[in-house]
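What follows is the residue order along each chain.
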Amino acid sequence: MSLADHTDILDWPFARTEDGDPPPLLAELRKAPPCAVRIPAGAAESRLAWLVTRYADVRQALADPRLSADETLPGAPVRIQVPPGGNPSSFLRLDDPEHARLRGMIQTEFTYRRVKRLREPVQRLVDELLDELAAQPQPADLHAVFSRALPTLVIARLLGVPEEDSPFFIEKTRVIISQEDPAVAQAAFVEMSEYLAKLALRKLTDPGDDLISRLAVNHHATGDLTLDELVGIARLVLVAGHETTTNQIALNVLALLRDDELRAQVAADDGALILNFLEESMRYWSISQDAMVRLATEDMELGGVTIEKGDAVVISVPAGNHDESVFACPHRLDPHRDTSGHLQWGFGPHYCQGAPLARLEMELALRSLLRRFPNLRLAADPRTLFRRGTVFHGVTRLPVTW
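Sequence order as written defines the numbering, with residues in each chain counted from 1. Reporting in this predicted model follows two pLDDT cut-offs: at least 70 for local features of residues, and 80 or more for side-chain atom pairs to be given and counted; totals over whole chains, interfaces and linings ignore these cut-offs and use all residues. Calculation of side-chain values draws on the structure's entire complement of heavy atoms; hydrogens and water are dropped beforehand.

1. As for the overall build of the protein chain
Looking only at helices and strands, one finds 15 helices and 11 strands in the protein chain. On C-alpha atoms alone, the protein chain measures out to a radius of gyration of 21 Å, which is about the 21 Å that the 2.2 N^0.38 rule sets for 402 residues. Put simply, the protein chain has 402 residues, and 53% of those count as buried. For this analysis, residues touch if any pair of their heavy atoms sits within 4.5 Å. Across the protein chain, the fraction of contacts at a sequence separation of at least 24, relative to all contacts at a separation of at least 6, is 72%. The Shrake-Rupley method, run with a 1.4 Å probe, gives the accessible areas here. Residue values count only the displayed protein chains as cover. On the protein chain, roughly 16,800 Å² of surface is accessible, and the fraction owed to carbon and sulfur atoms is 53%. Secondary structure is summarised from DSSP: a helix means a run of H or I of at least four residues, a strand means a run of E of at least two, and numbering begins at the N terminus for each. With the radius of gyration taken over C-alpha atoms, the globule rule is written as 2.2 Å times the number of residues to the power 0.38. Burial classes: relative accessible area under 20% of the type maximum marks a residue as buried, over 50% as exposed, and values in between as partly exposed (1.4 Å probe, protein chains only).

2. Here we look at the sheet that holds strand β5 (residues 140–141)
Ordered in space as β5-β11-β10, the 3 strands form an open sheet in which the pairing is antiparallel. For this open sheet the edge positions go to β5 and β10 (377–378), each flanked by a neighbour on one side alone. Sheet topology note: the β5/strand β11 (residues 399–401) ladder contains 2 bridges and is antiparallel. Of the residues in β11, the one forming a bridge with A140 is V400. For two strands to be treated as a pair, DSSP must find at least two bridges joining them.

3. Some thoughts on the environment of Q265
Looking at the element boundaries, Q265 is found in helix α12 (residues 260–271). Residues Q265 and P335, 70 residues apart in the sequence, show an inter-C-alpha distance of 7.8 Å.

4. A look at helix α7 (residues 149–159)
The buried fraction of α7 amounts to 10 of the 11 residues, a majority that puts the element mostly inside the structure. Listed as buried for α7 are A149, L150, P151, T152, L153, V154, I155, A156, L158 and L159. In the stretch just after α7, G160 is the one whose phi turns positive, near 95°.

5. Here's the deal with helix α5 (residues 119–134)
Look at α5: 22 Å from first C-alpha to last across 16 residues, which is about the 22 Å you get at 1.5 Å a residue. For α5, every residue scored as buried is listed here: V122, L125, V126, L129, L130 and L133. Down the axis of α5, the buried side of the element spans an arc of 135°, and every buried residue falls inside it. Those residues of α5 that are buried lie in contact with β5, α6 (142–147), α7 and α15 (355–372). In this analysis, the expected span of each helix is defined as 1.5 Å times one less than the number of residues it contains. The arc in question is traced by the directions running from the helix axis to the C-beta atoms.

6. Comments concerning the sheet that holds strand β3 (residues 47–52)
Paired through their backbone hydrogen bonds, the strands of a sheet run either parallel or antiparallel. Pairing is mixed across the open sheet formed by 6 strands, whose spatial order is β1-β2-β3-β9-β6-β4. Every other strand in the sheet has two partners, leaving β1 (10–11) and β4 (67–68) as the edge strands with one partner each. Both β3 and strand β9 (residues 312–315) contribute to a ladder of 3 bridges, which runs parallel. By the bridge assignment, W50 is partnered in β9 with V313.

7. Things to note about the environment of M192
Positionally, M192 belongs in helix α9 (residues 182–205). Linking M192 and Q344, residues 152 residues apart in sequence, is a C-alpha distance of 26 Å.

8. Considering the packing of aromatic side chains
We call Phe, Tyr and Trp rings a pair once their centres come within 6.5 Å, taking the six-membered ring for Trp, and we label the pair stacked below 30 degrees between planes, edge-to-face above 60, and tilted otherwise. On inspection of all chains with the given rule, the structure shows 5 aromatic pairs. With 4.9 Å between their ring centres and 80° between their planes, Y284 and W285 make a pair best called edge-to-face. Both residues of the pair, Y284 and W285, belong to the buried class. Relative to F386, the ring of W285 lies with its centre 5.9 Å away and its plane at 45°, an arrangement referred to as tilted.

What follows is the structure, encoded as structure tokens:
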């Protein structure tokens with residue numbers, strides 16, 4: 001049956017539960033081959049797509065070159081409702097070889113060796129922010145003071161964005177990924193792009209020890225990189241590096257604060273389980289919930305259905321990460337679980353480059369928080385904290401006492 005022949009079409013995306021868990025409907029859909037969903041209208045017209053939910057199918061879809069990420073192709077599906085125009089929003093929405101060319105220009109910025117050198121400066125930032133938290137009247141919003149602030153400062157220094165401009169790009173990032181109003185999101189996208197373009201041009205004549213300066217001097221000035229491409233790289237690092245890590249840190253903490261037994265396990269033995277818990281927490285929350293869309297460039301088989309050339313495909317990372325055939329009792333957060341195959345970092349050519357830096361931030365944040373605030377407690381109903389309808393799952397606030 002072709003996509004157009006389906007009559008039982010579901011409206012996508014689906015809502016999470018009150019507790020922030022992935023939509024229960026995904027568990028039902030995993031029992032059958034990919035189904036038909038309708039992508040909402042925004043920067044592009046509403047259209048039908050195949051929804052992929054099984055772990056093996058999600059992995060195949062993320063890595064299969066016949067499923068294109070290129071948003072400039074005619075008929076390419078759109079989830080983040082910003083206008084692609086004549087240029088891709090970032091190399092994340094390109095295919096090889098262009099994807100590999102642009103990705104390679106920042107490859108050395110996120111190697112394990114380079115990130116390891118950031119351990120001490122990131123730890124200093126963590127300690128400074130925890131000092132600020134300790135000075136707050138209680139209850140304090142840990143998200144505003146700590147989990148949002150840490151990745152913001154780290155990514156600003158990495159890119160070379162003045163720290164005093166952090167409130168600007170935090171707000172624009174929030175608007176872009178909120179998807180509450182496509183027109184407002186598009187305006188924020190343009191404002192952020194113009195800001196980054198002006199910053200890159202300034203760094204051509206006054207470079208610093210930062211990513212935008214190196215891109216401007218080593219690649220843009222030589223003609224290897226257009227200004228639009230440079231802005232796309234910087235925007236991707238800014239939005240992805242800040243938004244995902246910010247919310248993952250907050251959700252890591254929330255998971256422990258709402259489950260005393262889990263917290264005791266993770267805090268035991270000087271945090272011996274912290275690294276494994278962080279990977280399990282990413283699998284469990286699966287915050288990249290709605291952003292993965294692809295376009296079939298030729299006919300292919302996937303999960304028992306024939307996907308025709310020109311069909312859109314939605315790849316559900318939360319569904320794959322909660323596949324019972326791979327992760328037993330997937331709705332239970334188990335810090336002892338082998339989570340080496342989870343899909344939160346992606347899979348295939350678009351695997352997250354920033355994973356080493358995000359892991360470092362999450363580790364230092366959680367270790368230091370547990371050590372500094374052993375009596376930390378949640379000061380609100382956790383069901384009231386989650387934000388809804390956004391591309392990346394997260395919280396709006398995290399009130400705590402100690």
